[in-house]
Amino acid sequence: MSGTHAQTVLYVRDSMLPQAAPPLGQTGAIRWLRENLFSGPLSIILTLASIWFVWFVFSHIYHWFANSIWNAASLTECRAIRDATIGADASAACFAVITDRWQQLLFGFYPSSQYWRPVAALALFIVGIFPILFPSLPRKLLIATAMLPFVLFFLLWGGSIWGPVAIAFGFLIASASVKFLAPIAGSLVGVTGAIVLPILFWLFLAGPIAGALQDILPIGIRSIQSKEFGGFTLSLIIGITGIVLSLPLGILLALGRQSDMFIVNKLSTAFIEVIRGIPLIVWLFTASLLLNYFLPPGTNFDLMLRVIIMVTLFASAYIAEVVRGGLAALPKGQYEGANSLGLSYWQSMRLIVLPQALKISIPGIVNTFIGLFKDTTLVVFIGLLDPLGLTGAIRASTDWNGIYWELYVFIALMFFVFCFSMGRYSLYLERKLQRENR
Amino acid sequence: MSVSEAPRASFQLSQLIYDTRYRALTIQVLTLGLVLLGIWWLVANLLANLDAIGLAPNFDFLGSTAGYDIALSLIPYNNGMTHGRAALVGIMNTLLVAGMGCVTATIIGVLAGVLRLSKNWVVSRLMAVYVEGFRNVPLLLWILLVFAVMTESMPAPSAFREGGGASMLLDGTVAVTNRGIYLPAPVWGPHTWILATILVLSIIGAFLYRRYARKALFDTGRLLPMVWPTLAIAFVPVVTIYLLTANFGLGLLHLVGLAIWIALIVAVYRGINAVVPGEIGRFLAVVAALATAWVFAQIIWPYVGGAGLIFSGAEAVPEGADVVSNWNPWVTVSYPELGGFNFRGGVQIANPLVALWIALSLYTGAFIAEIVRAGILAVSHGQTEAAFALGMRPNRTMSLVVLPQAMRVIIPPLISQFLNLTKNSSLAIAVGYPDVRATLGGITLNQTGRALECMLLLGLFYLALSLTISFVMNIYNNRMKLKER
C-alpha cells in the first residue's frame, strides 16, 4: 500500500524523519516562563507590576526584619542597641518586646507559677479531640473525650476537684436515667427523668455534697479568677468553647427552621434572623450592660461566662444557616427514602440526613468557626484582655511605650496559624469525604 | 421512641407523644409554653430591676439636648441639637462608611478573584497571599494596623512646607497626612441644579439609547455601536453647557480643544490597531493612545486659552487665602492648601474614616474574591467550550456566557458580604469613628444612662437594615432562580 502511494502521490513522505529535540522555547524553564508569566501583553504587564509590588514591599520590610533586635528590656534600650550596632535612624524591628512579654501575650495575668495549667489543658484538649477528628481510632476513646470538659474546667479555673465532679455526676445521672429507668417505666419517663433529675441534683444536692467531700478529702489546686485570664489563653477558651457548643445548637436551630411544625419553625427563624441581623459587638455590649437587668435582682455572673454564652448563640445562628444550606442541598429522595424505611424523625436525621448534610456544609461550618475565633478579639471592647487588649496594656508601661508593629505582627501571625490550619483541615476533610468521581 | 409501637387507646398521655397525629401539636404547645415562660421570666425580672432603680423605660431622652460634638456629620448638627438628631448623624456615618466600603470592596474583590484564576503564576500567587492573609487575621487587627500606619507613618501637615520632606500627590491636589487625607472638593454654586438636571436627563437619554440599540439588534439584527454613543450622550451636553456658560469664547476654545484631543486619541488607537494586527497591536494602541492623551494634555493643553484649568488644577489656583479656582461660578473646585499648621480648603477625610474604610474594603474584598472565584468556577467548562465552538471570542464568551451564569451564584453571597461589612463597620469603636454605635450606643447611652432603650434602638436599626437587604435579596433570588420543571 505504502509502495503504491510513494509512486502515485509524490508529496507523501514514505520514510520517517529521526526524532528531534523540541525547540528551545518549548521546553523546560523557558516554556514555563512563556506560558505562566509572559503569555500575552496583559500578562506581561501584570507580571511586571506584581514583581515590582513584591519588590516594593520586600525592600521596605527586609531591613526592618533583618536588623531586628531580640534582646532588650525596653524600647529605649532597643534603640540604643540599634544606634550602637546598626546605626542611628536605621530601620530595625524591636522583637525584644515579644521575648520580654510573650508570657503576658499568651497567658494574660494568669499567675506565672501556674502557666503549666493552660498549656496542659491545651495539650489535653488536642489529644482529647483526636477520637473525633480521626474516625479510625477506637470508639471507646470517646468516653475519655466526654470527660474532657470537666478536666479542662478544673485545670483552668482550679479550686476544689469536687465541684466539676459533682457537675459531671449530674450527667451520669441523666445517662443512667435513660439507660435504666426507660426500660422499666417507658422512654417518656426516662427522658423526663434525664432532664429533671440532674437539674434537681445540681440545684439541691451538688453544692452540699461537693462541700462535704471537700471537707473529708480536700483535693484541689489554686483557684484562678476569670479576670486573671487573658491573651491567647482567653481567645482560645472563648473560641473553643463557642465552637464546641455552637455546633449542636446550630444543628438544632437548622432542623427547627426546616421543620414543618409552624411554631417551632417561626421561633427558630426569628431567633436566627434577630441574632444574625445585629453585629456581635452590640450583642457583647448587651451582655455586659444589660444582662443583669434580665436576671433576678442580685444575681451577677461571670463576665467571661456571659461572653461565652453570647458568642455561642451568635455563632450558632450562623451555623444554623450553613447547615440549613446543607439540608436544602440534599436531594428530596434521601428524606423520602428514610421515611419509607420506617425510620423515626430523629433516626432518619441521625442516620441518613445529617451525615450527608453536614458533609456538604463542612466548608461553611469551618468558615464560621474561623470567623468565631477571629471575633474573640472583640471582647476587648467590654474590658476583657485578649491579645489586642494586652497590646494596650503593654504600651501603657513606660518600657514599651510607642511600640506598635512588632506586637501586631506577632498577634497576626498567631491568628493566621490557627485560622489557616483550621481552613486546611476543612479542605482535608472535604477531600477525604468526597464520594463522587471527578 | 419507635413508631412501630402500636398506639394504645387506653393511655391518653402516651398517645399525645407516640401518635403522630397529636405529637407535632404536643411538641409545639410545649415549646411555645416554655418560650413564653422564659420571656415572661425575663420581662418580669426586667420590670422588677428597672422599678428598683427607678428607670421606667421611655424614649423621651431622644428629644432632649445632646450637648456633645460629633467629629463628622453629613447633615447639619451642633451640640445644641437633640439626642435623636445625634443618632441620625451616627446612622448617616454608618451608612457612609458602609457605602464607600461596599463599592471599593467589590472592585478589589472582583479584581482579586479574577486575577487569582489567571494563568499568570506570579499574579495568582500574589492574590492567594492577599486572600489568605486577610481572611485568616481578625478584622479588628487590620483596622488597628491601618490606623497605626495612617497616624504613625504618614507625615504631619507641617512636613509639607518647603523642605519638609513631604510632597502632595497627583499634581499637588491630594495631601496624605497623619491627620487624614485632603482632597479637592467641588463647591456648588447657585446654578448647580441646572447642570445636575442636565446630567440626570442625559444619563436617562443614554439608557434610552441603549434600549433602542438592543431593540434594534433583536428586531432587525443591526448591531449599533454601544459604548461611545452612550458615553457621548451622557456627558457631552453637561460639559458643553458648563464650558459655554462660563465664558463663551474661552469655552468654545476649550470645547474645540477637547474635541481635537479625543479625536486624536481615537485616531491614534484606530490607526495603530489597523496597522499592527492581533493582540500586540491592541496593546500598542492602548499604550500609544494613553501616551498621546497625556502628552497632549500636559504639553499642548496649557497653551489653549492659556488655562489648564480642567486638567491641572494647581497651576490655575489664583493668589489668595481661599483656594478656589474661579473658572465657572456654577461649580468651582476648592483645593487643599497648607496654611499655618494645617491644610485648608478641599475636603478632609479624617484618619478614622480612612482606616476603617481601607481595612473594611480590603478585608471584605478578600471574601468577595473567593465568592467571585467560586462563581466563575461554578460555570461548567462545557459552557465555555460550547461558546468557543460557536466561534465566540474569549471576552464575548466571558461577558455573554460565563458571567451571566456566574452572577446567579455570586450575587446572593455578595450581598450578604455587604451586610457583613455594614455590621462590621460597628468596629469603628476601635478608631473613634462616630458611627451610630458611638453616638446612640456610646455617648448618648453614657450620658442618659438609658442602656436598655439605646441598645434596643441600636439593635432595631441594624436589624431593620439587614431584614430590608434580605428581603430585596429574596426577591432577586426568586427572579433569578433556574426555572426547572
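Residues numbered from 1 in each chain as written. Chains lettered and ligands numbered in written order. Predicted model: local features only at pLDDT ≥ 70, side-chain atom pairs only at ≥ 80, totals over all residues.

K.L.:
Help me out: how do you make sense of the overall build of chain B in this one?
P.N.:
On a plain count of helices and strands, chain B comes out with 15 helices and eight strands. Out of the 485 residues belonging to chain B, those deemed buried represent 27%. Within chain B, contacts between residues at least 6 apart in sequence are counted, and of these 60% link residues at least 24 apart. (Helix = DSSP H or I, 4+ residues; strand = E, 2+ residues; numbered from the N terminus. Buried ≥ 20, exposed ≤ 12 C-beta atoms within 10 Å, placed from the backbone. Contact = placed C-beta atoms within 7 Å.)

K.L.:
Looking at this structure, I do not really get the overall build of chain A. What am I missing?
P.N.:
What chain A contains, in helices and strands, is 18 helices and two strands. Taking 438 residues into account, the globule formula puts the C-alpha radius of gyration at 22 Å, and chain A, at 31 Å, lies well above it. Taken along its principal axes, the extent of the C-alpha atoms in chain A is 105 × 80 × 40 Å. Looking at chain A as a whole, 29% of its 438 residues are labelled buried. (Rg over C-alpha atoms; globule rule 2.2 N^0.38 Å.)

K.L.:
How do you make sense of the interface of chain A and chain B when you look at a structure like this?
P.N.:
The parts lose accessible area when they come together, and the size of an interface is often stated as this lost area. The interface of chain A with chain B comprises 50 residues on the first partner and 54 residues on the second. Secondary structure elements with two or more residues in the side of chain A that touches chain B: α3 (41–66), α10 (187–216), α12 (262–277), α13 (280–290) and α18 (405–433) of chain A. Counting residues per element, the side of chain A that touches chain B draws most heavily on α18 of chain A, which supplies eight residues.

K.L.:
Looking at this structure, how should I read the packing of helix α5 (residues 96–107) of chain A against helix α17 (residues 387–396) of chain A?
P.N.:
To describe two helices that pack against each other, one gives the angle between their axes and the distance between the axes. All names here are of chain A. One can describe the packing of α5 onto α17 by two numbers: an axis separation of 11 Å at closest approach and a directional angle of 125 degrees. Between α5 and α17, the crossing angle belongs to the class labelled oblique. The two elements α5 and α17 meet at a crossing, and its hand is right-handed. For the pair formed by α5 and α17, the contact residues are Val97, Arg101, Gln104 and Leu105 on the first element and Pro387, Leu390 and Ile394 on the second. (Axes fitted to C-alpha atoms, helices over the stretch in contact; angles between N-to-C directions. Parallel < 35°, antiparallel > 145°, perpendicular 65-115°, else oblique. Left-handed = near helix turned anticlockwise from the far one by under 90°.)

K.L.:
When you look at the environment of Gly38 of chain B in this model, what are you seeing that I'm missing?
P.N.:
Among the secondary structure elements, Gly38 of chain B is positioned in helix α2 (residues 20–53). For the pair Gly38 of chain B and Ile262 of chain B, spaced 224 residues apart in the sequence, the C-alpha separation amounts to 71 Å.

K.L.:
Is there a simple way to think about the pairing of strand β2 (residues 180–183) of chain B in this case?
P.N.:
For a regular strand, side-chain orientation follows a simple rule: the groups alternate between the two sheet faces. All names here are of chain B. Here strand β1 (residues 175–177) runs beside β2; their pairing, made up of three bridges, is antiparallel. Looking across to β2, one finds that Thr177 is bridged to Gly180. Where β1 folds back on β2, the antiparallel hairpin that results is connected by two residues. In this sheet, strand β8 (residues 347–350) lies alongside β2 in antiparallel orientation, the contact comprising four bridges. Note on β8: the bridge partner recorded for Ile181 is Ile349. (Pairing = 2+ DSSP bridges.)

K.L.:
Whenever I open this one, the sheet that holds β2 of chain B confuses me. Can you help?
P.N.:
Across a sheet, strands are paired by hydrogen bonds formed along the backbone, either parallel or antiparallel in direction. Residues and elements named next belong to chain B. The strand order across the open sheet formed by three strands is β1-β2-β8, and the pairing between neighbours is antiparallel. Each end of this open sheet is capped by a strand with a single partner; those strands are β1 and β8. Put simply, the sheet's adjacent strands are angled 15 degrees from each other on average, direction ignored. Its contacts with the sheet put helix α11 (residues 351–378) on β2 and β8, and the angle it makes with β8 is roughly 60 degrees.

K.L.:
I keep staring at α10 of chain A and nothing clicks. Help me out?
P.N.:
Two residues of an α-helix separated by three or four positions point the same way, owing to the 3.6 residues in each turn. Between its first and last C-alpha atoms α10 of chain A spans 38 Å; for 30 residues at 1.5 Å apiece the expected length is 44 Å, and the helix comes up short by more than 12%. Roughly 55 degrees is the biggest bend found in α10 of chain A, and it falls at Leu205 of chain A, with proline Pro208 of chain A one to four residues downstream. (Expected span 1.5 Å × (residues − 1). Bend = angle between axes of the 7 residues up to and from the residue.)

K.L.:
Is there a simple way to explain the packing of helix α6 (residues 116–128) of chain A against helix α8 (residues 141–157) of chain A in this structure?
P.N.:
All names here are of chain A. Running from N to C, α6 and α8 cross one another at 170 degrees; their axes reach a closest spacing of 10 Å. The angle between α6 and α8 places the two elements in the roughly antiparallel class. Residues Arg117, Pro118, Ala120, Ala121, Leu124, Phe125 and Gly128 of α6 pack against Ala144, Thr145, Leu148, Val151, Leu152, Leu155 and Leu156 of α8. A breakdown of the residues in the contact of α6 with α8 according to their chemical character gives eleven nonpolar, two polar and one charged. (Nonpolar A, V, L, I, M, F, W, Y, C, P; charged D, E, K, R; others polar.)

K.L.:
Looking at this structure, how should I read α5 of chain A?
P.N.:
Residue and element names in this part refer to chain A. The terminal C-alpha atoms of α5, which comprises twelve residues, lie 18 Å apart, in line with the 16 Å expected from a rise of 1.5 Å per residue. Residues Ala96, Val97, Arg101, Leu105 and Phe107 constitute the buried set of α5. On its buried side, α5 packs onto α4 (75–85), α6, α11 (231–258), α17 and α18. Trailing α5 by a residue or two, Gly108 shows a phi angle of about 65 degrees, which is positive.

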